[in-house]
Structures are given as C-alpha cells and as structure tokens.
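Observations on chain architecture
In case you want the letters, here they are:
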Amino acid sequence: MKIYKLKTTYNNIMLREILAITGKPGLFRIVSQGNRMLIVEELKTKKRFPAHSRDKVVSLGDIAMYTDGDDKPLGEILDLVYAHNDGKPIDVKGLVAAGKIREEFEAILPDFDKDRVYDNDIKKLFTWYNILLETGMTKFTEDQPEEKEEEKSAEE
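Everything quoted here is computed from the prediction, not taken from an experiment.

What to know about the packing of aromatic side chains
If you walk through the whole model with that rule in mind, you get 5 aromatic pairs. With centroids separated by 6.3 Å and ring planes inclined at 70 degrees, the aromatic side chains of Tyr82 and Phe140 adopt a geometry described as edge-to-face. Of the two residues, Tyr82 is situated in helix H1 (residues 74–84) and Phe140 in the loop between helix H4 (119–134) and helix H5 (145–155); the sequence distance between them amounts to 58 residues. A centroid spacing of 6.3 Å and a plane angle of 50 degrees characterise the contact between Tyr129 and Phe140, whose relative ring orientation is tilted. One end of the pair, Tyr129, is in helix H4; the other, Phe140, is in the loop between H4 and H5, with 11 residues separating them in the sequence. Neither residue differs from the other here; Tyr129 and Phe140 are each classed as buried. These aromatic residues form a ring-pair network of at least three members: Tyr82, Tyr129 and Phe140.

Let's talk about the sheet that holds strand S2 (residues 28–34)
Within the open sheet, the 5 strands sit side by side as S4-S3-S2-S1-S5. Their pairing is antiparallel. Strand pairing shows two members of the sheet lacking a second neighbour, strand S4 (48–52) and strand S5 (57–59), which therefore form its edges. Averaged over all pairs of adjacent strands, the angle between strand axes in this sheet comes to 50 degrees, irrespective of strand direction. Looking at chain direction, strand S1 (residues 18–21) and S2 are connected through 2 bridges and run antiparallel. Paired with Leu19 across the two strands is Phe28, which belongs to S2.

Looking at the nonpolar core
Ranked by size, the top nonpolar core spans 30 residues in total, and within it Leu27, Leu60, Phe105, Leu125, Phe126 and Leu132 carry the most contacts. If you list the elements that add at least two residues to this core, you get S1, H1, helix H2 (92–98), helix H3 (101–108) and H4. No other element matches the 8 residues that H4 contributes to this core. The residues contacting Phe105, other than those within four sequence positions of it, are Met65, Ile77, Phe112, Ile122, Leu125 and Phe126. Counting 8 residues, the second largest nonpolar core, distinct from the first, contains Leu19, Ile30, Leu38 and Val40.

Comments concerning the layout of surface pockets
Empty space among the atoms becomes apparent when a probe as large as a water molecule is rolled across them. Estimated volume of the largest pocket: approximately 590 Å³. Forming the boundary of the largest pocket are 23 residues, of which Ala20, Ile63, Asp121, Lys124 and Trp128 lie nearest the centre. No other element matches the 7 residues that H4 contributes to the lining of the largest pocket. Tallied by class, residues from the lining of the largest pocket come to 13 nonpolar, 4 polar and 6 charged. By volume, the second largest pocket amounts to about 250 Å³.

A word on the pairing of S4
Two elements, strand S3 (residues 37–42) and S4, share 5 bridges in a ladder whose sense is antiparallel. Across the sheet, Leu38 pairs through a bridge with Ala51, a residue of S4. Between S3 and the antiparallel strand that follows it, S4, lie 5 residues; Lys46 among them carries a positive phi value of about 65 degrees.

Rules used throughout
- Residues numbered from 1 in each chain as written.
- Predicted model: local features only at pLDDT ≥ 70, side-chain atom pairs only at ≥ 80, totals over all residues.
- Heavy atoms only, no water.
- Phe/Tyr/Trp six-rings, centres within 6.5 Å; stacked < 30°, edge-to-face > 60°.
- Helix = DSSP H or I, 4+ residues; strand = E, 2+ residues; numbered from the N terminus.
- Buried < 20%, exposed > 50% of the residue type's maximum accessible area, 1.4 Å probe, protein only.
- Pairing = 2+ DSSP bridges.
- Axes fitted to C-alpha atoms, helices over the stretch in contact; angles between N-to-C directions.
- Core = buried A, V, L, I, M, F, W, Y, C linked by side-chain atoms within 4.5 Å.
- Contact = heavy atoms within 4.5 Å.
- 1 Å grid on protein atoms, 1.4 Å probe; cavity = no way out; pocket = protein on both sides within 12 Å on 5 of 7 lines; lining within 4 Å.
- Points joined across faces, edges and corners; volume = space filled by probe spheres on them.
- Nonpolar A, V, L, I, M, F, W, Y, C, P; charged D, E, K, R; others polar.

Pasting the structure below:
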C-alpha cells in the first residue's frame, strides 16, 4: 500500500493533491491509497471516507478551462480570481440570482470560450475557489524556480 506524505497545512498543498469527486459536493485531499480505492478527507469537515474505483475522481491540477486560444489551467484561473477579488470570497448565490455570473467571470478571464464554458462550470469554479479560500489556500500555482533560473541565464 502506498501512502502519500502530505504536509499538514493547506497552504502548501498544490491543486494536484486536491480532488473533486463526481456526485459528492466539496473538495477532498488524498490521505492514503488502498486496494482499488483512495482514502480521502473532505477539506471543510475533515471527514474521511473511501473513494472507490467506480467513483470518478479528478485532480484539480488536471483541469483546464476552454479559452479562445489555448486551454488555461485551473490554477492560473484561480490565481486570476484571487487577484480580481483581492483575496475575498465570491457571493456565488448572489451572482446566480442576479444573472451576472457570466459577466463577473468575463471581467476575470475575458477570452474564455463563451460557447463551451457553461454557467454551471463558472459556478463550480467560484464554489471551489471559496472552499479553497476557507481552508486557507491562497496560492494556486506552483513556483517553478528552474524556469526562472534558465530565463536569467538566457538573459545574460
């Protein structure tokens, strides 16, 4: 049995270690791995349960959103949402009730594909953003120091 060693603070957990499970609300992190199942922990309640092989489990690090150009990784979009809202949560219910969820998202990511990105996708994105904020996560992309070092040497 493989056990993933995760740091205890959510700030250090990157999106690749956070999961969405179809049919279950909320977000989860991997605690351990068993025979044809994962043991996951719900981020808000810290309740643990098995996610079986029949469950559709997707890592947030593997999700991208359609844009008019290349698809944009979820982490980059979440960073844009965080910067646009100054690190404050989004009133998802208020935006949906007012019918302004698309307008709000267009202010954040103007080049999203309006035909392939649905209101429910945006609602889910904003809900996940609020959950991640609530658990203390404020940085959604990993720093890549190797690329920065290569850029510096190329400039010299």
